[in-house]
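Remarks on the overall topology
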Amino acid sequence: MRFIFKIYKMKKNRVLLIGMFFLLISCNKLEVYSKFDDGFPENRWEQKDTKIYDFTIDDNSKLYNITFRFSHIYDYQFNSIPINFTIVNPKGETQIKQIDLQIKDTSGKEIAECSGDFCDLNYKLEENIKLTKGNYKIVVSHAFQGPYLPNVLGVGLKVEEIK
């Protein structure tokens, strides 16, 4: 009888595990595009190293969020950093955005989610925006005064459809 109970318990755990796996997979269905560049030698984002993100929108009836992702070493030495975005839409029209990416709040506390020595900051570049069908290109660079921006682990871009 104990043997049958153990088999039942093992099957129940497997079903739970498989269910959780499919739940996690289904959570990403709204993600249209995601790319993260983390190949910065010595954690230095060189001034001349622009990052290019190309993605396609297939459904212009939906709303989207575009999120810039910035990962850095814990206890970053700057409170903010200047980031430049050049957004090219399917018609070839260009929009330039310059932001001062806040790394710390007014009390000096990290804004990013940190785990150990690694911090991930997500900045909504565009929120609840209607995008036309077609190919987009977003070019990202920094305007830090110096040959490189130190202690950068990676940068990326994520485009999500709003349900």
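Here goes a summary of the coordinates provided. Treat the numbers as computed from the prediction; the structure is a model and nothing was measured. (Residues numbered from 1 in each chain as written. Predicted model: local features only at pLDDT ≥ 70, side-chain atom pairs only at ≥ 80, totals over all residues. Heavy atoms only, no water.)

Thoughts on the overall build of the protein
- Helix and strand counts for the protein come out as one helix and eleven strands.
- Reading the helices (α) and strands (β) of the protein from amino to carboxyl end gives α-β-β-β-β-β-β-β-β-β-β-β.
- Expressed as a percentage of its 163 residues, the buried residues of the protein come to 31%.
- Contacts in the protein between residues far apart in sequence, at least 24 positions, make up 78% of those at least 6 positions apart.
- On the protein, roughly 10,800 Å² of surface is accessible, and the fraction owed to carbon and sulfur atoms is 53%. (Helix = DSSP H or I, 4+ residues; strand = E, 2+ residues; numbered from the N terminus. Buried < 20%, exposed > 50% of the residue type's maximum accessible area, 1.4 Å probe, protein only. Contact = heavy atoms within 4.5 Å. Areas by Shrake-Rupley, 256 points an atom, 1.4 Å probe, with all protein chains shown as cover.)

Quick word on the packing of aromatic side chains
- For the structure on display, the rule yields eight aromatic pairs.
- An aromatic cluster of three or more residues is present, and its members are Phe 68, Phe 70, Tyr 76, Phe 78, Phe 85 and Phe 144. (Phe/Tyr/Trp six-rings, centres within 6.5 Å; stacked < 30°, edge-to-face > 60°.)

A word on the pattern of salt bridges
- Scanning the entire structure with this criterion turns up eight salt bridges.
- Between Asp 49 and Lys 51 there is a salt bridge whose closest N-O contact spans 3.1 Å.
- A single network of salt bridges, built from pairs that share partners, joins Asp 59, Lys 62 and Glu 161. (Salt bridge = Lys/Arg side-chain N within 4 Å of Asp/Glu carboxyl O.)

A short note on the sheet that holds strand S8 (residues 118-130)
- One open sheet accounts for five strands, arranged S1-S11-S4-S8-S7; its pairing is antiparallel. Looking at the sheet topology across the chains shown, the edges are occupied by strand S1 (31-37) and strand S7 (113-115). Averaged over all neighbouring strand pairs, the angle between strand axes comes to 15°, with direction disregarded.
- Bridge count for strand S4 (residues 63-73) against strand S11 (residues 152-162) is ten bridges, and the pairing is antiparallel. Each residue of the ladder has a partner; that of His 72, found in S11, is Val 152. (Pairing = 2+ DSSP bridges. Axes fitted to C-alpha atoms, helices over the stretch in contact; angles between N-to-C directions.)

Focus on the pairing of strand S3 (residues 51-57)
- Residues Lys 51, Tyr 53, Phe 55 and Ile 57 point to one face of S3 and are all buried, whereas Ile 52, Asp 54 and Thr 56, pointing to the other face, are not buried.
- In this structure, S3 lies alongside strand S9 (residues 134-142), joined through seven bridges in antiparallel fashion. Note that in S9 the partner of Phe 55 across the bridge is Tyr 136.

A word on the state of the cysteines
- One pass over the full model with this rule turns up one disulfide.
- Cys 114 shares a disulfide with Cys 119; S-S distance 2.1 Å. Classification of the bridge connecting Cys 114 and Cys 119 rests on its S-S torsion, roughly 110°, and on that basis the disulfide is right-handed.
- On the basis of relative accessible area, Cys 114 is assigned to the partly exposed category, the value being 32%.
- Take Cys 119: its relative accessible area is 0%, and that puts it in the buried class. (Disulfide = S-S within 2.5 Å.)

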